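# Report on the structure
Listed below, chain by chain, are the residues.
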Amino acid sequence: MTQLLHVWLDARRRAVDAALEAVVPAHREPALVWEAMRYSLFAGGKRLRPVLALAAAEAVAAHRGGTAEQAHALAMPSACALELIHTYSLVHDDLPAMDDDVLRRGRPTAHVVYGEGLAILVGDALLTEAFAHLAIEPRTVEGVDDAELARRKIAAIRLIADAAGASGMVGGQAIDLRAAGGHGAPLDAHSLRDMHGRKTGALIRAAALAGASMAGADATLCGAIDKYASQVGLAFQIVDDILDVEGASADLGKTAGKDAAAGKPTYPALYGLDGSRRLAAECIDRS
Ligand code: GRG
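Here the structure is a predicted model, which means the values were calculated and not measured. (Residues numbered from 1 in each chain as written. Predicted model: local features only at pLDDT ≥ 70, side-chain atom pairs only at ≥ 80, totals over all residues. Heavy atoms only, no water.)

### Concerning the nonpolar core
Let me state the cut-off plainly: The term nonpolar core refers to a set of buried residues drawn from Ala, Val, Leu, Ile, Met, Phe, Trp, Tyr and Cys, joined through side-chain atoms within 4.5 Å. We call a residue buried when its accessible area falls under 20% of the maximum for its residue type, exposed when it is over 50%, and partly exposed in between, using a 1.4 Å probe and counting protein chains only. Going along the chain from the N terminus, every DSSP run of H or I of four or more residues is numbered as a helix, and every run of E of two or more is numbered as a strand. Whether two residues are in contact is decided by their heavy atoms, any of which lying within 4.5 Å being enough.
In this structure, Met37, Leu84 and Ile85 are the most contacted members of the largest nonpolar core, which totals 63 residues. Taken together, the elements giving at least two residues each to this core come down to helix 1 (3-23), helix 2 (31-41), helix 3 (48-64), helix 4 (68-93), helix 6 (116-136), helix 7 (146-164), helix 9 (189-214) and helix 10 (219-246). In terms of residue count, helix 4 provides more of this core than any other element does, 12 residues in total. Beyond its immediate stretch of four places on either side in the chain, isoleucine 85 contacts Leu127, Ala130, Phe131, Ile160, Ala164, Met169 and Leu203. Met195, Ala235, Tyr267 and Cys283 belong to the second largest nonpolar core, which has 11 residues in total.

Right under this line is the structure:
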């Protein structure tokens, strides 16, 4: 990573963290729930999805002669909502009924610290607050009239709901859950890609598309950004599968080697490690 990219990413991550502080603040009642939400949300995630939303908004703003400041004002609520939804998915994914993991983002998982019942509620609360935030913010943005802003907000809500819902992330998780449990036929290459496209790829695509739509992208620009984000999402998942084989838990911040132990369908299992690295590189090239 070049020094310049590092600085660029760091500035946006810090802006996202500051915005998230306002969305899920300390000292809100009942503290029992809000503190547990903050435990998972501020555990050191990379903020990939929010940064992608901001990046797409900035790219569209540059294309349309707008400023990065206006792009951030428009896209930051979507960026925050995406991180809340992503964090909810991790909290629920770690539950004993799902992946049953004890380590996430380098810390004991939410259910280990707060118990299963509260961890379920933390996920529910993060998901619900995400959509409340999307409905409210941004209230006004200079240079965009109120009717146009409302139209863009509804489009972003729709995009994010579709990506997180039954045909997106939840659907992908259901397919994964069934395959990992040894029920149904093993996933072939096509079904593996479909499962990941829903479980992980959909939210990554929605991040780029929501950022772009909030910044006023037309259908042509959205189409180009969608193609880019689909390839990035796929590469992300393939690399995640490779790291599960090669990485150490301490570096990953989660338990390594779980996929193979659980007999999960993965890219290394289907294509081998070298084949998986090649596939990831091809996705990056295409993106
Ligand atoms: C429970 C409905 C429901 C869905 C769960 C995304 C997901 C679906 C489960 C996570 C399982 C997993 C580890 C998938 C691999 C890709 C992935 C989402 C990794 C974690 O995302 P990062 O690397 O995490 O962006 P940080 O912690 O940096 O935010």
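### A closer look at the pattern of salt bridges
Cut-off, in case you're wondering: For this analysis, a salt bridge means a side-chain nitrogen from Lys or Arg found within 4 Å of a carboxyl oxygen belonging to Asp or Glu.
For the structure shown, the criterion picks out 17 salt bridges. Of the charged contacts, one joins aspartate 93 and arginine 104 as a salt bridge, the two residues approaching to 3.6 Å between their closest N and O atoms. You can see aspartate 93 sitting in helix 4 and its partner arginine 104 sitting in strand 1 (residues 103-104), a full 11 residues away along the chain. Relative accessible area serves as the criterion here: at 12%, aspartate 93 is assigned to the buried category. A relative accessible area of 18% means that arginine 104 is categorised as buried. For arginine 152, the salt bridge goes to glutamate 148, with nearest N and O atoms at 2.7 Å. Of this pair, arginine 152 and glutamate 148 both sit in helix 7, 4 residues apart, which is roughly one turn of the helix. A relative accessible area of 6% places arginine 152 in the buried class. Residue glutamate 148 is classed as partly exposed on the basis of its relative accessible area, which comes to 24%.

### Remarks on the packing of aromatic side chains
For clarity, the threshold we go by: Working definition: a ring pair exists when centres of Phe, Tyr or Trp rings (six-membered ring for Trp) sit within 6.5 Å. Plane angles under 30 degrees give stacked, over 60 give edge-to-face, the rest tilted.
Taken as a whole and assessed by the stated rule, the structure comprises 2 aromatic pairs. For the pair tyrosine 39 and tyrosine 114, a centre-to-centre distance of 5.5 Å together with 80 degrees between the ring planes defines the contact as edge-to-face. With tyrosine 39 in helix 2 and tyrosine 114 in helix 5 (residues 110-114), this pair connects stretches of sequence that are 75 residues apart. Judged by its relative accessible area of 31%, tyrosine 114 falls in the partly exposed class.

### Some thoughts on the environment of tyrosine 271
Turning to its location among the elements, tyrosine 271 is positioned in helix 13 (residues 267-286). Looking at tyrosine 271, the relative accessible area reads 37%, which means it is partly exposed. When the C-alpha positions of tyrosine 271 and alanine 189 are compared, they lie 8.9 Å apart, and in sequence the two are 82 residues distant. With near-sequence residues (within four places) excluded, tyrosine 271 lies in contact with Ala189, Ser276 and Leu279.

### Some words on the site of the ligand
For clarity, the threshold we go by: Proximity is defined per residue: if any heavy atom of the residue lies within 4 Å of a molecule or strand, that residue is considered near it. Think of a polar contact as two N or O atoms within 3.5 Å of one another; within protein, one of them needs to be a possible hydrogen donor and the other a possible acceptor, and neighboring residues in sequence only count if both atoms come from side chains. Each accessible area is a Shrake-Rupley result for a 1.4 Å probe, and residues are judged covered by the shown protein chains and nothing else. Each residue gets one label: Ala, Val, Leu, Ile, Met, Phe, Trp, Tyr, Cys and Pro are nonpolar, Asp, Glu, Lys and Arg are charged, and the others, such as Gly, are polar.
Taken together, the neighbourhood of the ligand is formed by 19 residues, with Lys46, Arg49, His86, Arg105 and Asp240 sitting nearest. Within the side chain of arginine 105, an N or O atom sits 2.7 Å from an oxygen atom of the ligand. Expressed as a share of its isolated accessible area of 700 Å², the protein-covered part of the ligand is 92%. Residue assignment for the shell around the ligand shows that the elements contributing at least two residues are helix 4, helix 8 (169-180), helix 9 and helix 10. Taken together, the residues of the shell around the ligand sort by class into 5 nonpolar, 7 polar and 7 charged.

### Section: the packing of helix 9 against helix 10
In plain terms, the rule: Each axis is a line fitted through C-alpha atoms, taken for helices only over the stretch in contact, and angles between the N-to-C directions span 0 to 180 degrees. Each angle gets one of four labels, with under 35 degrees taken as roughly parallel, over 145 as roughly antiparallel, 65 to 115 as roughly perpendicular, and the rest as oblique. Each crossing gets its hand from how the near helix is turned against the far one by less than a right angle, where anticlockwise is left-handed and clockwise is right-handed.
Between helix 9 and helix 10, whose axes approach to 8 Å, the crossing angle comes to 135 degrees. Between helix 9 and helix 10, the angle is such that the two are oblique. Pair helix 9 / helix 10 crosses with right-handed handedness. In this structure, helix 9 contributes Arg193, His196, Thr200, Ile204, Arg205, Ala208, Leu209, Ala212 and Ser213 to the contact, and helix 10 contributes Cys222, Ile225, Asp226, Ala229, Ser230, Gln231, Gly233, Leu234, Phe236, Gln237 and Asp241. Its residues assigned to classes, the contact of helix 9 with helix 10 comprises 9 nonpolar, 7 polar and 4 charged.

### A short note on a nonpolar patch on the surface
Spelled out, the test is: Patches draw on residues past 30% relative accessible area with no salt bridge. Two like charges within 9 Å are joined, as are two nonpolar side chains (Val, Leu, Ile, Met, Phe, Trp, Tyr) within 5 Å.
Residues Val102, Val112, Val113 and Tyr114 make up a contiguous nonpolar surface patch of about 320 Å² in total accessible area. Mapped onto the elements, valine 112 comes out in helix 5.

### Remarks on unusual backbone geometry
Excluding glycine, a negative phi dihedral is what most residues carry, and trans is how most peptide bonds are arranged. Along the chain, glutamate 29 connects to proline 30 via a cis peptide bond; the corresponding omega equals -5 degrees. With respect to the helices, strands and loops of the structure, proline 30 is situated in the loop between helix 1 and helix 2. Cis geometry is adopted by the peptide bond preceding proline 138, which originates at glutamate 137 and carries an omega value of -5 degrees. Inspection of the secondary structure assignment puts proline 138 in the loop between helix 6 and helix 7.

### Side note on the packing of helix 2 against helix 6
As a packed pair, helix 2 and helix 6 sit with axes 9 Å apart at the nearest point and diverge in direction by 80 degrees. The pairing of helix 2 with helix 6 is recorded here as roughly perpendicular in orientation. Contact with helix 2, carried on its side by Leu32, Val33, Trp34, Ala36 and Met37, involves Leu118, Val122, Ala125, Leu126 and Glu129 of helix 6 and no other residues of that element. A breakdown of the residues in the contact of helix 2 with helix 6 according to their chemical character gives 9 nonpolar, no polar and 1 charged.

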